[in-house]
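Structural features, examined
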Amino acid sequence: MSLREQLCEYGRRAVELGLVIGTSGNLSVREGDLVTVTPSGAALDRLTPEMCPVVDLTTGRRVAGETRPSSETPMHLAIYQTTDARAIVHTHSVFGTVVATTMTELPPVHYNALMLGGVVKVAEYATYGTPELAANVRAALEGKRAALMANHGGVTIGATLEEAFEATRLLEWLCEVYVRGLSVGKPTILTEEQLAAVVERALNPPPL
Ligand SMILES: [Zn+2]
């Protein structure tokens with residue numbers, strides 16, 4: 001599947017799973033110094049490959065395609081410039097946005113949070129599409145695979161679009177567990193020791 005086809009495929013899945021509504025959310029994939037991104041103002045379940053523009057990683061200039069790149073392209077480029085990410089998924093998923101509007105971080109209530117780097121930080125609020133927002137998100141992502149964006153949504157990175165997309169699904173699941181947990185009682189937060197024991201266990205599985 002070409003990179004453009006991948007954007008269409010995962011865009012469709014993001015809508016199907018209710019991770020985005022309307023024209024919100026955007027995805028991108030990096031190859032070398034080029035970034036293929038979803039277009040501005042288009043519903044992610046109605047994309048066609050030729051609708052996805054390609055931009056230069058450093059200058060942000062469009063080098064292929066006819067459409068305007070997503071308004072969050074500056075954020076995508078800032079992330080690529082400072083991480084090993086090869087794909088980025090940004091959504092306004094419900095539970096992620098709930099956490100991002102009420103908290104400063106998502107604490108590790110489940111050991112699967114380790115797959116995103118443990119605690120997920122909420123990047124400080126800034127207007128969408130601005131360099132300020134890009135800088136805030138970049139800071140919150142340091143050493144992590146995911147970040148939330150205050151009063152906005154979430155963003156995840158991966159070595160492939162599939163990886164970034166699965167990270168988004170996991171982030172949303174963790175946020176949902178935490179938010180629903182809060183409505184029932186006081187969720188227990190895993191300690192550093194408990195998390196270290198999980199890493200130890202994963203690195204040294206018992207013999208078959
Ligand atoms: Zn957004």
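What you are looking at is a predicted structure, and each value in this text was computed from that prediction instead of being measured.

Once that is clear, we can look at the overall build of the chain. Along the chain, the regular secondary structure elements total six helices and nine strands. The C-alpha radius of gyration computed for the chain amounts to 17 Å, which stays within 12% of the reference 17 Å derived for 208 residues, consistent with globular compactness. The principal-axis extent of the C-alpha atoms belonging to the chain is close to 50 × 40 × 30 Å. Of the contacts formed within the chain by residues at least 6 apart in sequence, a portion of 62% connects residues at least 24 apart. A total accessible area of about 10700 Å² is found for the chain, and carbon and sulfur atoms account for 53% of it. The distance from the centre of the 17 positive side-chain charges to the centre of the 23 negative ones in the chain is 2 Å.

So, about the pairing of strand β5 (residues 87-91). Judged by how many residues are buried, β5 sits mostly within the fold: five of five residues are covered. Covered by surrounding structure in β5 are A87, V89 and T91 together with I88 and H90, the residues of both alternating faces. Relative to β5, strand β1 (residues 26-31) runs antiparallel, the two sharing four bridges. What sits directly across from N26, in β5, is H90.

It is worth spelling out the pairing of β1 at this point. As a general feature of sheets, a regular strand has side chains that alternate between the two faces. Of all six residues that make up β1, five are buried, and the element is covered over most of its length. Two elements, β1 and strand β2 (residues 34-37), share four bridges in a ladder whose sense is antiparallel. The residue bridging R30 from the neighbouring strand is V35, located in β2. Taking the residues between adjacent antiparallel strands as the criterion, β1 and β2 are bridged by two residues, where G32 takes a positive phi near 60 degrees.

Coordination of the zinc ion by the protein comes from H90 (NE2), H92 (NE2) and H152 (NE2), over a distance range of 2.0 to 2.1 Å. On the primary sequence, the residues serving as donors to the zinc ion are separated as H-x1-H-x59-H. H90 sits in the buried class, given a relative accessible area of 1%. Assessed through its relative accessible area of 33%, H92 is described here as partly exposed.

Overall, mixed pairing links the nine strands, which are arranged β4-β3-β2-β1-β5-β9-β8-β7-β6 in an open sheet. Looking at which strands have only one partner, the edges of the open sheet turn out to be β4 (62-64) and β6 (105-106). With two bridges joining them, strand β7 (residues 120-123) and strand β8 (residues 146-149) adopt parallel strand pairing. Pairing of A123 across the sheet is with M149, part of β8. Packed on one face of the sheet, helix α1 (residues 3-16) meets β1, β2, β3 (54-56) and β4 and runs near 155 degrees to β1.

Conventions we followed
Within each chain, residues carry numbers counting from 1 in the order of the written sequence. Two thresholds apply to this predicted model, a pLDDT of at least 70 for residue-level local features and 80 or more for giving and counting side-chain atom pairs, whereas whole-chain, interface and lining totals are computed over all residues. Hydrogens and water molecules were not included; the side-chain quantities draw on all heavy atoms of the structure. Going along the chain from the N terminus, every DSSP run of H or I of four or more residues is numbered as a helix, and every run of E of two or more is numbered as a strand. Atoms counted for the radius of gyration: C-alpha only. Globule rule: 2.2 Å times the number of residues to the power 0.38. Throughout, a residue-residue contact means that at least one pair of heavy atoms, one from each residue, lies within 4.5 Å. Only the protein chains shown count as cover for residues, and the accessible areas themselves come from Shrake-Rupley with a 1.4 Å probe. Here Asp and Glu are counted as negative and Lys and Arg as positive; His is not counted, and neither are the chain ends. To locate a charge, the coordinates of NZ of Lys, CZ of Arg, CG of Asp or CD of Glu are taken. Exposure classes here rest on a 1.4 Å probe applied to the protein chains alone. A residue is buried below 20% of its type maximum, exposed above 50%, and partly exposed in between. Think of it this way: DSSP has to see at least two bridges between two strands before they count as a pair. As a rule, N, O and S atoms within 2.8 Å of a metal are its donors, except that Na, K and Ca use 3.2 Å; water is not among the atoms, so sites may look incomplete. Between the N-to-C directions of two axes lies an angle of 0 to 180 degrees, each axis being a line fitted to C-alpha atoms and, for a helix, fitted only over the stretch in contact.

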